[in-house]
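The residues making up each chain are set out below.
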Amino acid sequence: MSVVTWAVLLGIVVALAFYSTRMARHKEEDGLQDTGLAILEFGRAFPQEAIRSLHATADAKAVFVRLHDNKAGIMRTLRNHYACHLIEPGTVRVRNLANGKGFAVEFLDSPSHNGEFTFASAADAAEVSLWLLGNYVGPADLDPAPKGLPTT
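These numbers were taken from a predicted model, which means no experiment stands behind them.

So, the packing of aromatic side chains
- Counting across every chain of the model gives 5 aromatic pairs.
- With a centroid separation of 5.1 Å and an interplanar angle of 45°, the aromatic rings of Phe42 and Phe46 are classed as tilted.
- On the accessibility criterion, Phe46 (16% relative accessible area) is buried.
- Seen in terms of ring centroids, Phe103 and Phe119 are 5.4 Å apart; in terms of plane orientation they differ by 40°. Their pairing is tilted.

Some details on the sheet that holds strand β6 (residues 102-107)
- A sheet is described by the order of its strands in space; here 3 strands give the open sequence β5-β6-β7, paired in antiparallel fashion. Both edges of this open sheet fall to β5 (92-96) and β7 (115-118), since each of them pairs with a single strand only. Taken over all neighbouring pairs, the strand axes of this sheet differ in orientation by 25° on average, direction set aside.
- For β5 and β6, the ladder comprises 5 bridges, and the chain directions are antiparallel. The residue bridging Val94 from the neighbouring strand is Val105, located in β6.

Here we look at the pattern of salt bridges
- With the rule as written, the count across this model stands at 5 salt bridges.
- As a salt-bridge pair, Arg44 and Glu41 come within 3.3 Å of each other at their nearest N and O atoms. Here Arg44 and its partner Glu41 are both found in helix α2 (residues 35-45), 3 residues apart, which amounts to about one turn of the helix.
- Take Arg44: its relative accessible area is 61%, and that puts it in the exposed class.
- A relative accessible area of 17% places Glu41 in the buried class.
- Between Asp69 and Lys71 there is a salt bridge, with its nearest N and O atoms 3.6 Å apart.
- Exposure remark for Lys71: the relative accessible area of 18% places this residue in the buried category.
- In the salt-bridge network here, residues are joined through shared partners; they are Glu49, Asp69 and Lys71.

Section: the environment of Thr91
- Tracing the backbone through its elements, the reader meets Thr91 in the loop between β4 (81-87) and β5.
- A distance of 2.5 Å separates a polar atom in the side chain of Thr91 from the backbone oxygen of Glu88.

Observations regarding α2
- Residues of α2 that are buried: Ala38, Glu41 and Phe42. Looking down the long axis of α2, one finds its buried residues gathered within 95° of arc, a one-sided arrangement. Residues of α2 that are exposed and angled more than 90 degrees away from the buried face: Leu40 and Arg44.
- On its buried side, α2 packs onto β1 (51-56), β2 (62-67), β3 (72-78) and β4.

Thresholds applied
- Residues numbered from 1 in each chain as written.
- Predicted model: local features only at pLDDT ≥ 70, side-chain atom pairs only at ≥ 80, totals over all residues.
- Heavy atoms only, no water.
- Phe/Tyr/Trp six-rings, centres within 6.5 Å; stacked < 30°, edge-to-face > 60°.
- Buried < 20%, exposed > 50% of the residue type's maximum accessible area, 1.4 Å probe, protein only.
- Pairing = 2+ DSSP bridges.
- Helix = DSSP H or I, 4+ residues; strand = E, 2+ residues; numbered from the N terminus.
- Axes fitted to C-alpha atoms, helices over the stretch in contact; angles between N-to-C directions.
- Salt bridge = Lys/Arg side-chain N within 4 Å of Asp/Glu carboxyl O.
- Polar contact = N/O pair within 3.5 Å; in protein donor to acceptor, adjacent residues only side chain to side chain.
- Arc of directions from axis to C-beta.
- Contact = heavy atoms within 4.5 Å.

On their own, these measurements won't tell you what the molecule is for.
This is the structure:
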């Protein structure tokens with residue numbers, strides 16, 4: 001083969017590599033803006049759970065999921081994969097953020113998912129926080145009763 005043919009082939013390979021890396025980077029930037037993808041991924045992780053409602057954060061890096069039996073879940077983007085977490089009752093603490101459009105969540109059973117989540121509106125944040133109320137652990141629930149005192 002001639003040098004020109006090799007140069008053309010090399011140019012095609014470089015162009016394909018450039019195009020594929022741009023597409024991969026664009027997909028990473030999209031996050032979870034496609035709620036259909038969130039439904040599929042959460043359904044794949046927890047096939048026995050029926051989804052009732054979804055609310056994505058403002059940056060589209062997390063989607064909170066309300067399930068059929070009033071349980072809740074969260075789906076987050078972690079670089080090149082999605083992490084789905086089913087929130088068990090009694091394993092989450094929530095505090096509001098100053099902006100009113102979000103809250104900070106502490107997952108007692110999965111600290112890697114802890115974080116601050118901001119939504120597009122205060123109404124969305126309020127609705128998701130209501131979902132989490134059934135899974136709430138208050139400070140009094142964390143401290144065991146002192147020995148010798150009866151619990152009520």
